[in-house]
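Here is what each chain is made of, one letter per residue.
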Amino acid sequence: MIKISPSVLSSDFSILGAEAARMEKSGADMLHLDVMDGSFVPNITFGAPVISAIKKCTPLKFDVHLMIDKPLRFIKDFAQAGADIITFHTEAGSPVYETIEKIRSFGCVPSLCVRPSTSVEEVFPFLDKIGMVLVMTVEPGFGGQPFIEDMLPKIAQLRHECKKRGLAVDIEVDGGINEETASLAASNGANVMVAGSFVFKAPDAAEAISRIRSAAEKAYE
Ligand code: DX5
Ligand code: ZN
């Protein structure tokens, strides 16, 4: 099943709560929240207190993408702020199994992220312990970058591995998603589409979401 997760990175930060509610009304399945610390990636966004404030404005599931060093330190804070899915990077300097277990202990879904320079095999040892893998289709740090098509074989390889092992893991793509790239990603096995600028900068967010959804649904299996 295809799910659309608009990234608030491209929203109007002065009215974050209203932007979250607008995505809910526009048909989003969840909300993608990019947490950046200025060290793991060269940009700074927001942390748990901001997520906790937005949580009051919508019942949407919160898909929290941690681009921070040593994420294990902050799992409790993000879980208590209202995260439903917590994605972290294997390269971020926290023990992977321990971080997965910590996320699970708070009732959240653990997810691992693969950035463009990281091989997808890095997440294979953890596939039976997580609910989702996020394949970055841009270098993490900024919205509005073009989709890197070279990432498509990674998505296909990951879907193949999940099928081979009988695992129903969601595959999320993040970066440069629009209706064309959503179709490419879905035809290679991705089923969760993050979209920042394409949705938030569109004159009609509901139409943008439905265009991504129908392109992906047509292409997926
Ligand atoms: C980039 C973030 C993305 C970003 C995507 O590091 O992880 O979630 O918001 O933005 P677009 O869809 O504009 O590429
Ligand atoms: Zn993201």
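Here the structure is a predicted model, which means the values were calculated and not measured. (Residues numbered from 1 in each chain as written. Chains lettered and ligands numbered in written order. Predicted model: local features only at pLDDT ≥ 70, side-chain atom pairs only at ≥ 80, totals over all residues. Heavy atoms only, no water.)

1. Looking at the overall build of the protein
Then comes step 1: Counting its secondary structure elements, the protein contains eight helices and eight strands.
Then comes step 2: On C-alpha atoms alone, the protein measures out to a radius of gyration of 16 Å, which is about the 17 Å that the 2.2 N^0.38 rule sets for 221 residues.
Then comes step 3: Expressed along its principal axes, the backbone C-alpha trace of the protein runs to roughly 40 × 40 × 30 Å.
Then comes step 4: Counting all 221 residues of the protein, 56% fall into the buried class.
Then comes step 5: Considering only residue pairs separated by 6 or more positions, the protein has 65% of its internal contacts joining residues 24 or more positions apart.
Then comes step 6: Of the roughly 9,000 Å² of accessible surface on the protein, a fraction of 53% belongs to carbon and sulfur atoms.
Then comes step 7: Of the charged side chains in the protein, 22 are positive and 29 negative, and the gap between their average positions amounts to 5 Å. (Helix = DSSP H or I, 4+ residues; strand = E, 2+ residues; numbered from the N terminus. Rg over C-alpha atoms; globule rule 2.2 N^0.38 Å. Buried < 20%, exposed > 50% of the residue type's maximum accessible area, 1.4 Å probe, protein only. Contact = heavy atoms within 4.5 Å. Areas by Shrake-Rupley, 256 points an atom, 1.4 Å probe, with all protein chains shown as cover. Lys, Arg positive; Asp, Glu negative; His and termini not counted. Charge placed at Lys NZ, Arg CZ, Asp CG, Glu CD.)

2. Regarding the pairing of strand S3 (residues 61-67)
Note on strand geometry: in a regular strand, side chains alternate between the two faces of the sheet.
Then comes step 1: Within S3, six of the seven residues are buried, leaving the element largely enclosed by the surrounding structure.
Then comes step 2: Across seven bridges, the pairing between strand S2 (residues 30-36) and S3 is parallel. Considered in S3, the bridge of Leu31 is made with Phe62.
Then comes step 3: A crossover links S2 with its parallel partner S3, the connecting element being helix H2 (residues 48-55), and its sense is right-handed. (Pairing = 2+ DSSP bridges. Right-handed = clockwise from strand over helix to strand, strands pointing away.)

3. As for the sheet that holds S3
Then comes step 1: Taken in spatial order, the eight strands make up an open sheet running S1-S8-S7-S6-S5-S4-S3-S2, and their pairing is parallel. A single partner strand is all that each edge strand has here, and the edge strands are strand S1 (3-6) and S2. Averaged over all pairs of adjacent strands, the angle between strand axes in this sheet comes to 25 degrees, irrespective of strand direction.
Then comes step 2: Pairing of S3 with strand S4 (residues 85-89) involves three bridges; the strand directions are parallel. (Axes fitted to C-alpha atoms, helices over the stretch in contact; angles between N-to-C directions.)

4. Looking at the coordination of the zinc ion (ligand 2)
Note on metal geometry: ideal angles are 109.5 degrees for four donors arranged tetrahedrally and 90 or 180 degrees for six donors arranged octahedrally.
Then comes step 1: Around the zinc ion (ligand 2), the donor atoms from the protein are His32 (NE2), Asp34 (OD), His65 (ND1) and Asp174 (OD), and they sit 2.0 to 2.3 Å away.
Then comes step 2: Counting the intervening residues between successive donors of the zinc ion (ligand 2) yields the motif H-x1-D-x30-H-x108-D. On the criterion of sequence distance, the pair formed by Asp34 in strand S2 and His65 in strand S3 is long-range, its members being 31 residues apart. The pair Asp34 / His65 is uniform in exposure class, with both members buried. (Donors = N, O, S within 2.8 Å, 3.2 Å for Na, K, Ca; no water.)

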